[in-house]
Amino acid sequence: MFLHRSIAEINLENLKKNITNIYNYAKKEIIAVIKADAYGHGAVNIGRFLDKIDFVKYLAVATAEEGKELREANIKKPIIVLGGILKEEIDIFNNFNLVPVISNFYQLEQVKSLKNRNIHLKFDTGMHRLGFYKEDIEKINKLIFDNCINIEGVMSHFPSADIDKEFTENQIKIFQEIINQLKAKNLKYIHIQNSAGIIYNCDFCNLIRIGLAMYGEKPIKDYPVELNQVMQVKAKIISIKDIKKGEGISYCHTFKADKDMKIAVISFGYADGLPRALSNKGEVIINNNKAKIIGNITMDMSIIDITDIDAVIGDEAIIIGSAGNQKITFTDIANLTNTIPYEIMCGISKRVYREIITE
Ligand SMILES: *Cc1c(COP(=O)(O)O)cnc(C)c1O
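These figures come from a predicted structure and were not determined experimentally.

Caption draft 1: Here's a closer look at the domain arrangement of the chain. Structurally, the chain comprises domain 1 (12-215) and domain 2 (231-357). Look at where the C-alpha atoms of domain 1 and domain 2 centre, and you get two points 37 Å apart. Taken together, the contact pairs 9 residues of domain 1 with 8 residues of domain 2. Together, Tyr-39, His-41 and Leu-212 form the three largest contributors to the area buried by domain 1 at its contact with domain 2, with a combined 52%. At the boundary of domain 1 and domain 2, one finds 0 salt bridges. In this structure, the connection of domain 1 to domain 2 is made through 2 residue pairs in polar contact (both at pLDDT 80 or more).

See below:
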């Protein structure tokens, strides 16, 4: 039994299995996306582990600060910064050897101040967030030639690979035209596919950028790759009591007992990352049984119906994970709370102790 009141077990063997399965399916080397503290898994621990895997070519983070954290932990792989570069961040890029993803002319201007003028260039093929347009190519070709900028990679991004095949395939076509027109002498890497995107054919691409699937969550229902949960989230039962028919539970009494009940309080609330919207909707697993969350989830605790379950104080409730025949995924929680698994995953808060499992 674990010491902490709540833990997120991070299973690195499962991470290894997932990323290997993805590599074997896509047959392309990988940019491992570990932004947002590796989607809540702990960027330093995940980064150190990935640092030793040959077919991981790059680590990707969102910001320079995130890249700095990895370098300070002595992580050696090349790191690309997806969010690009701001003027005031030039020193961080230089001091920590980070590669910016350049997606506008302001950023291209900053590259002149980098010791090492290596970049990945990003094009907007339909996401409409970051990226140059195809129409910018002529100007880019001139600027990179004049300023001796080395384009090591070119990328684009899918907004709807999970839901819109036609749109996504058209993006690949536009991306191919861009690659054909771009005059980049030492171009080594071309990448557009994210976790959901690997189901599409992109023969001229030679890297894939993987986040969600590596952490064991399927981006689409019929995902062609076998995945294992990397994070299991557990919390302890800290109180058990009986309540009588007709009594209300938790703030605002949104749940009223329709019979005499036994309830457990677990040490996990919305401050730990359990969405309050899951109140009276979600379940946890206690001693191999699913048990309902009743009443409003509170900041530090949630209340569980254990009327039909044998449990004692100190037993664990599984919030994300599996036991016996029961399983709860990030996607299950996202579906119940009208969001996406990404948001639940990176929302598991700092208070939840990360325990690394290597088997
Ligand atoms: C976050 C991110 C990814 C990873 O996406 P997943 O769906 O988690 O695989 C890839 N590319 C870019 C640009 C991203 O921001």
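Caption draft 2: Layout of the environment of Ile-79. As for its placement among the helices and strands, Ile-79 is situated in strand S4 (residues 79-81). Expressed as a C-alpha distance, the spacing of Ile-79 and Tyr-270, which sit 191 residues apart in the sequence, is 33 Å. When neighbours within four sequence positions are excluded, Ile-79 is seen to be in contact with Tyr-58, Leu-59, Val-61, Gly-67, Leu-70, Arg-71, Leu-98 and Val-99.

Caption draft 3: Summary view of helix H8 (residues 165-181). Between the first and last C-alpha of H8 there are 25 Å, a value that for 17 residues agrees with the 24 Å anticipated at 1.5 Å per step. Elements in contact with the buried residues of H8: helix H7 (137-146), strand S7 (150-155) and strand S8 (189-191).

Caption draft 4: The arrangement of the site of the ligand in detail. Near the ligand, the surroundings consist of 15 residues, among which Lys-35, Tyr-39, Ser-195, Leu-212 and Tyr-342 are the closest. A distance of 2.6 Å separates an oxygen atom of the ligand from a polar side-chain atom of Tyr-39. Contacts to the ligand include Arg-209, whose side-chain N or O atom sits 2.8 Å from a nitrogen atom. When the free accessible area of the ligand is taken as 390 Å², the share hidden by the protein chains comes to 93%. Among the cavities detected, the one that contains the ligand is the largest pocket. Among the elements of the structure, helix H2 (35-39) and strand S9 (207-210) are those that each provide at least two residues to the shell around the ligand. Residue composition of the shell around the ligand, grouped by class: 7 nonpolar, 4 polar and 4 charged.

Caption draft 5: Main features of the side chain of Asn-141. With respect to the element layout, Asn-141 can be found in helix H7. Among the residues examined, Asn-141 registers a relative accessible area of 12% and is labelled buried. In this structure the side chain of Asn-141 is engaged in a polar contact, spanning 3.3 Å, whose partner is the backbone oxygen of Gln-181. At 2.8 Å, the side chain of Asn-141 and the backbone nitrogen of Lys-183 are in polar contact.

Criteria and thresholds
- Residues numbered from 1 in each chain as written.
- Predicted model: local features only at pLDDT ≥ 70, side-chain atom pairs only at ≥ 80, totals over all residues.
- Heavy atoms only, no water.
- Domains from an automatic or database assignment.
- Contact = heavy atoms within 4.5 Å.
- Buried area = accessible area lost by both parts, 1.4 Å probe.
- Salt bridge = Lys/Arg side-chain N within 4 Å of Asp/Glu carboxyl O.
- Polar contact = N/O pair within 3.5 Å; in protein donor to acceptor, adjacent residues only side chain to side chain.
- Helix = DSSP H or I, 4+ residues; strand = E, 2+ residues; numbered from the N terminus.
- Expected span 1.5 Å × (residues − 1).
- Near = heavy atom within 4 Å.
- Areas by Shrake-Rupley, 256 points an atom, 1.4 Å probe, with all protein chains shown as cover.
- 1 Å grid on protein atoms, 1.4 Å probe; cavity = no way out; pocket = protein on both sides within 12 Å on 5 of 7 lines; lining within 4 Å.
- Sits in = over half its atoms within 2 Å of the grid points.
- Nonpolar A, V, L, I, M, F, W, Y, C, P; charged D, E, K, R; others polar.
- Buried < 20%, exposed > 50% of the residue type's maximum accessible area, 1.4 Å probe, protein only.

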